[in-house]
Amino acid sequence: MASDDLGDRLTRALEALNVSRARLAAIIGVDKSVVGRWTRGLMRPSEHNLSLITAWIASQRPGFDMTAWATSATRFAALLVPPAIEPAELAEWLPVSAFHSAIEVKREGDAYCGIHLLIRQRFMTPALIAELFIIWRDGDTLRMHSPGAFWNFRGRGFILHHQLYFIAEDADVHDGLVFWMLNGVAGGTMLATDGLFFGAQGYRERPPSVAPVVVLRLAALGDRHAEPEAAMIAALQARLDSIIESARVDDLAGPEIVRHLAGGGSESDHLLRMPASRGFCCTANDAPTSVINAVERWHQAIFDDAAINPTC
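Residues numbered from 1 in each chain as written. Predicted model: local features only at pLDDT ≥ 70, side-chain atom pairs only at ≥ 80, totals over all residues. Heavy atoms only, no water.

**Brief notes about the pairing of strand β7 (residues 190–199)**
- Along β7, nine of the ten residues are buried, which leaves the element largely enclosed by surrounding structure.
- Where strand β6 (residues 177–183) lies against β7, four bridges are found, and the strand directions are antiparallel. Each residue of the ladder has a partner; that of W180, found in β7, is F197.
- A loop of six residues connects β6 with β7, the two strands running antiparallel in sequence, and G187 in this loop sits at a positive phi of about 90°.
- Examined bridge by bridge, β7 and strand β8 (residues 209–219) share eight bridges and lie antiparallel to one another. Note on β8: the bridge partner recorded for L196 is P212. (Buried < 20%, exposed > 50% of the residue type's maximum accessible area, 1.4 Å probe, protein only. Helix = DSSP H or I, 4+ residues; strand = E, 2+ residues; numbered from the N terminus. Pairing = 2+ DSSP bridges.)

Structure below.
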């Protein structure tokens, strides 16, 4: 197909989806002037860019694929007709972010799958708390589960520009949403990272708060495409509860992580203390000794029973 014919079809596709050239440029990561040259037939998209355009249109118009660009004009127009939407399909949200995240999850999602420990300061006291944070893949989507004594968060994760974004709700009571924004790693399997946790404090008269977090990867999943069995999660949570009750979180975390999370020793209910120069993100290949030692201490404390010890 000539460039001008492809440009005409691309223009019709943008009109059908009510998407501007600038918007398409942002979606696939090129300058908007490039999209302008494509639509005017002055140049043809590379195969890589055409596949990104096709994948994005397919996310809005199921059935659209690479063959559409060379098909008849009648069939091309038919492929751009919006499908009938059933009520259940309205649950899909953040379509552009979901599209880009799917590409990144396909490429590097395995780096984050595993049984993790999330350590943060409590909102109401300066004491540290540790929480299970399990990540697995559901196709090209990340899923997460963070059980606890008084919560049961389940949600979805996005990888965007090598950063991790998670949103979850309490699967038992559905009384609010919580969020995590975490630093991603550049190559290799994540061993540790840090970021922020956003949540309510449980009292209506208190505002939502933000706390810095450190995440340590304790073990791999037997199947990175499935959540561990409920019995294993319950056993791990029981052991973690015992560690928290015995006030061992600080000792197991180690002084460097404690200082990192304390932000200078504040007892404020509202926490936001994480200078960019103090990032904690690393892989097993570049982790400092303090992180490796902390992971080993936590792993031994939680997984020392072979009956609940997953693949490490």
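**Topic: helix α9 (residues 255–262)**
- Along α9, the residues classified as buried are I257, H260 and L261. Looking straight down α9, one finds that the buried residues subtend no more than 90° of arc, so they occupy a single side. In α9, the exposed positions angled more than 90 degrees off the buried face are occupied by P255 and R259.
- Those residues of α9 hidden inside the fold are in contact with β1 (114–121), β2 (128–138), β7, β8, α8 (249–253) and α10 (289–303). (Arc of directions from axis to C-beta. Contact = heavy atoms within 4.5 Å.)

**As for the packing of helix α7 (residues 230–245) against α10**
- Interhelical geometry of α7 versus α10 gives an angle of 115° and a closest axis separation of 9 Å. Mapping the contact onto sequence places L236, R239, L240 and I243 in α7 and W298, A301, I302 and F303 in α10.
- Split by residue class, the contact of α7 with α10 holds seven nonpolar, no polar and one charged. (Axes fitted to C-alpha atoms, helices over the stretch in contact; angles between N-to-C directions. Nonpolar A, V, L, I, M, F, W, Y, C, P; charged D, E, K, R; others polar.)

**Describing the environment of S209**
- Its place among the elements puts S209 in strand β8.
- Taking the C-alpha atoms as reference points, S209 and G199, ten residues apart in sequence, are found 5.7 Å from one another.

**Some thoughts on the packing of helix α4 (residues 47–60) against helix α6 (residues 95–108)**
- Across the interface, α4 lies against α6 with an axial gap of 11 Å and an inter-helix angle of 130°. By the angle between their directions, the pair α4 and α6 is classed as oblique. Taken as a pair, α4 and α6 cross one another with a handedness that is right-handed. Only P95, V96, F99 and I103 of α6 make contact with α4, whose side of the interface consists of L52, A55, W56 and Q60.
- Residue composition of the contact of α4 with α6, by class: seven nonpolar, one polar and no charged. (Parallel < 35°, antiparallel > 145°, perpendicular 65-115°, else oblique. Left-handed = near helix turned anticlockwise from the far one by under 90°.)

**Examining the packing of aromatic side chains**
- Applying the stated criterion to the full structure yields eight aromatic pairs.
- Taking 5.1 Å as the distance between ring centres and 70° as the angle between the ring planes, the aromatic pair formed by F133 and W180 counts as edge-to-face. Pair noted here: F133 is in strand β2 and W180 is in strand β6, with a separation of 47 residues, a long-range link. Here F133 and W180 have matching classes, each one buried.
- Look at F153 and W180: their rings are 6.2 Å apart centre to centre, the planes differ by 75°, and that puts the pair in the edge-to-face class. Taken as a pair, F153 in strand β4 (residues 152–160) and W180 in strand β6 lie far apart in primary sequence, 27 residues in all.
- Take F153: its relative accessible area is 13%, and that puts it in the buried class.
- Here the aromatic cluster, defined as three or more aromatic residues joined through ring pairs, consists of F133, W151, F153, F166, W180 and F197. (Phe/Tyr/Trp six-rings, centres within 6.5 Å; stacked < 30°, edge-to-face > 60°.)

**Section: the pattern of salt bridges**
- Tallying each qualifying case throughout the model produces nine salt bridges.
- Residues D110 and R137 are paired through a salt bridge, measuring 3.0 Å at the closest nitrogen-oxygen approach. You can see D110 sitting in the loop between α6 and β1 and its partner R137 sitting in strand β2, a full 27 residues away along the chain.
- Exposure remark for R137: the relative accessible area of 9% places this residue in the buried category.
- For R137, the salt bridge goes to D140, with nearest N and O atoms at 3.2 Å.
- Taking relative accessible area as the criterion, D140 reaches 27% and is therefore assigned partly exposed.
- Through salt bridges that share partners, K106, D110, R137, D140 and R224 make up one connected network. (Salt bridge = Lys/Arg side-chain N within 4 Å of Asp/Glu carboxyl O.)

**Considerations on the confidence of the model for the chain**
- With 84% of its residues at a pLDDT of at least 70, the chain reaches an overall mean of 84.
- The low-confidence segment residues 87–91, where pLDDT is below 50, has two contacts with residues more than four positions distant or belonging to other chains.
- Contacts from residues 273–277, a stretch scored under 50 in pLDDT, to residues over four places away or in other chains number eleven contacts. (pLDDT = per-residue confidence, 0-100.)

**Here we look at unusual backbone geometry**
- You will see that H162, though not glycine, has its phi angle at about 65°, which is positive.
- As for its position among the elements, H162 is in the loop between β4 and β5 (163–170).
- Phi is positive for A247, close to 60°, though the residue is something other than glycine.
- Among the secondary structure elements, A247 is positioned in the loop between α7 and α8.
- We classify A247 as exposed; its relative accessible area is 61%.

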